[in-house]
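Reading the structure
These are the residues of each chain, in order.
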Amino acid sequence: MKIAFFDAKPYDITYFEQYGEENGVKFKFYDTRLGEDTAELSRGCDAVCVFVNDDVSSTVIDRLYEYGVRLIALRCSGFNNVDVKYAYEKIHVVHVPYYSPYAVAEHTMAMLLTSVRRIHKAYNRTKDFNFSLSGLTGFDLHGKTVGVIGTGNIGRTFINICEGFGMKVIAYDKFPSEETDIEYAPLERVFEESDVISLHCPLNKETYHIIDEDAIEKMKKGATIVNTSRGALIDADALLEGIKSRKIGAACLDVYEEENDVFFEDFSGHIIDDDTLARLITMPNVLVTSHQAFLTEEALSSIAETTVRNIVEFFKDGKCENELCYRCGKTANCRQHRVDKCF
Ligand code: NAD
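Residues numbered from 1 in each chain as written. Predicted model: local features only at pLDDT ≥ 70, side-chain atom pairs only at ≥ 80, totals over all residues. Heavy atoms only, no water.

1. Some words on helix H4 (residues 101-116)
For clarity, the threshold we go by: By the criteria applied, helices consist of DSSP H or I runs no shorter than four residues and strands consist of E runs no shorter than two, each listed in order from the N terminus. Here the expected span of a helix is defined as 1.5 Å times the quantity of residues minus one. Here the term buried applies to any residue with accessible area under 20% of the maximum for its type, exposed to any over 50%, and partly exposed to those in between, with areas from a 1.4 Å probe on protein chains only.
Compared with an ideal rise of 1.5 Å per residue, which puts 16 residues at 22 Å, H4 spans 22 Å between its outermost C-alpha atoms and is within 8% of the ideal. When H4 is considered as a whole, its buried residues turn out to be Pro101, Ala103, Val104, Ala105, His107, Thr108, Met109, Met111, Leu112, Ser115 and Val116. Once H4 finishes, arginine 118 follows within two positions and takes phi at roughly 55°, a positive value.

2. Some thoughts on the packing of aromatic side chains
As a reminder of what qualifies: In this scheme Phe, Tyr and Trp rings, the latter by its six-membered ring, pair at centre separations within 6.5 Å, and the angle between planes marks the pair as stacked below 30 degrees, edge-to-face above 60, and tilted otherwise. Counting as a charge over the ring demands two things of the Lys NZ or Arg CZ atom: a distance within 6 Å of the ring centre and an angle within 35 degrees of the ring normal.
Under the defined criterion, the tally for this structure stands at nine aromatic pairs. For the ring pair phenylalanine 314 and phenylalanine 315, a centre distance of 5.0 Å and an interplane angle of 85° mean the geometry is edge-to-face. Phenylalanine 314 sits in the buried class, given a relative accessible area of 8%. The class for phenylalanine 315 is partly exposed, based on a relative accessible area of 30%. Put simply, the rings of Phe5, Phe16, Phe27 and Phe29 pair up and form one aromatic cluster. Taking NZ or CZ as reference, lysine 90 lies 3.9 Å from the ring centre of tyrosine 86, over its face.

3. Looking at the pattern of salt bridges
We count it as follows: Each reported salt bridge corresponds to a side-chain nitrogen of Lys or Arg within 4 Å of a carboxyl oxygen of Asp or Glu.
Using the criterion set out here, one finds twelve salt bridges in the structure. Between aspartate 12 and arginine 75 there is a salt bridge, with the nearest N and O atoms lying 3.8 Å from each other. Taken together, the positions of aspartate 12 in helix H1 (residues 10-23) and arginine 75 in the loop between strand E4 (71-74) and helix H3 (84-87) put the pair 63 residues apart, joining distant regions of the chain. Across the pair, arginine 75 and aspartate 12 agree in class, each one buried. Of the charged contacts in the structure, one is a salt bridge between glutamate 40 and arginine 43, with a shortest N-O distance of 2.9 Å. Judged by its relative accessible area of 44%, glutamate 40 is partly exposed. Connected through salt bridges with shared partners, the residues Asp7, Lys9, Arg33 and Glu265 form a single ionic network.

4. So, the site of the ligand
Rule in force here: The nearness test applies per residue and asks whether one of its heavy atoms lies within 4 Å of the molecule or strand. We define a polar contact as two N or O atoms separated by no more than 3.5 Å, with the added condition that, inside protein, one atom must be a possible hydrogen donor and the other a possible acceptor, whereas residues neighbouring each other in sequence contribute only through side-chain atom pairs. Accessible surface is estimated by sampling points in the Shrake-Rupley manner with a 1.4 Å probe; for residues, cover comes only from the protein chains shown. Three classes are used: nonpolar for Ala, Val, Leu, Ile, Met, Phe, Trp, Tyr, Cys and Pro, charged for Asp, Glu, Lys and Arg, and polar for all others, with Gly counted as polar.
Near the ligand, the surroundings consist of 25 residues, among which Tyr99, Asn153, Ile154, Asp173 and Thr228 are the closest. The separation between a nitrogen atom of the ligand and a polar main-chain atom of lysine 174 is 3.5 Å. A distance of 3.4 Å separates an oxygen atom of the ligand from a polar atom in the side chain of serine 229. Protein burial of the ligand: of its 870 Å² of free accessible surface, 89% is covered by the chains. Along the lines of polarity and charge, the residues of the shell around the ligand split into nine nonpolar, ten polar and six charged.

5. Quick word on the sheet that holds strand E9 (residues 223-227)
For clarity, the threshold we go by: A pair of strands is considered paired only if DSSP assigns at least 2 bridges between the two. Fitting a line to C-alpha atoms yields each axis, with helices limited to the stretch in contact; the angle taken between N-to-C directions then spans 0 to 180 degrees.
Spatially, the six strands line up as an open sheet ordered E7-E6-E8-E9-E10-E11, and their pairing is parallel. In this open sheet, the two strands that pair with only one neighbour each are strand E7 (168-172) and strand E11 (286-288). For this sheet the average axis-to-axis angle between neighbouring strands, irrespective of direction, equals 15°. Examined bridge by bridge, E9 and strand E10 (residues 248-253) share five bridges and lie parallel to one another. Among the inter-strand pairings, asparagine 227 is bridged to a residue of E10, identified as leucine 253.

These figures come from the coordinates and say nothing about function on their own.
Shown next, in the form of structure tokens:
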């Protein structure tokens, strides 16, 4: 089995080489991303392995199909960058629905604590032997209300962490879980009552810009927004306005609407063209990490193990338990998939 592996980073290669060798899967690592201009690199490969910012649009899918690719193996859980519907009856799509929800949930809390207790400011100050505390006043998380949007693997793990901090949790989910004591509330109430709002739902047509000007208008003055899910859940321009008007108290962003052009690369010494991102980064109350929440040893190992297992399973008999179905977009609810395969 030959797999073209796009957007390869050194930390990916270590784990994928190890699991690949153990299971007879040979990866051809390319540091370029998959897109219309690079699809040709997959010629002669059985599958492509892609990440969050690879472009797997209909045009790219046509090219891959023409080159003989029969499987798109996502090495992540989100799949908003793949036209799964268009791939139906052409190329199968598998993903990693679960790896380490702790990696992302813990990063979410790390960002929140950093922001709330001004750790990023203190770190820079003490590096410069500035031991002044002025301007570093934070607030207790204990007793505050956190509104969690999306209560899947990561959202629930984050809720557990917040409960450990003594926070009151309210949540919104389009498909609320029945086997839980989570207090669900309509989205409006989550916006109105939360001191901290954390996003853990997938990006799709319904959730695109779930945080926009109207949503921000409904929020408490001084609310903190945390996004470790997908950038386009937030209208970045509306967020910037919310920050400038002091309506939003702070924002912690591990993902950004237009991150495709900048995240994962070193742009130090360059001029950033994205004015919204540049302005957000200048704000003292905005914290940005570069889609880093998944980046733990445990998560990387688990992602490589599951991706290799998906590939091996698929090429054994055409079935894979982690196949995505465009009809439901959720593997667990897809009856046809559970019984057999998507096509
Ligand atoms: P999951 O599938 O376990 O949970 C997603 C939850 O969102 C589900 O409970 C689902 O019912 C809910 N949901 C679906 N549509 C919704 C809607 N319209 N409104 C509100 N809720 C809705 O997924 P997960 O493993 O918890 O991951 C959540 C998201 O985190 C992923 O979609 C991915 O985009 C993101 N993620 C980011 C990183 C990172 O490194 N920053 C890493 C992994 C995952």
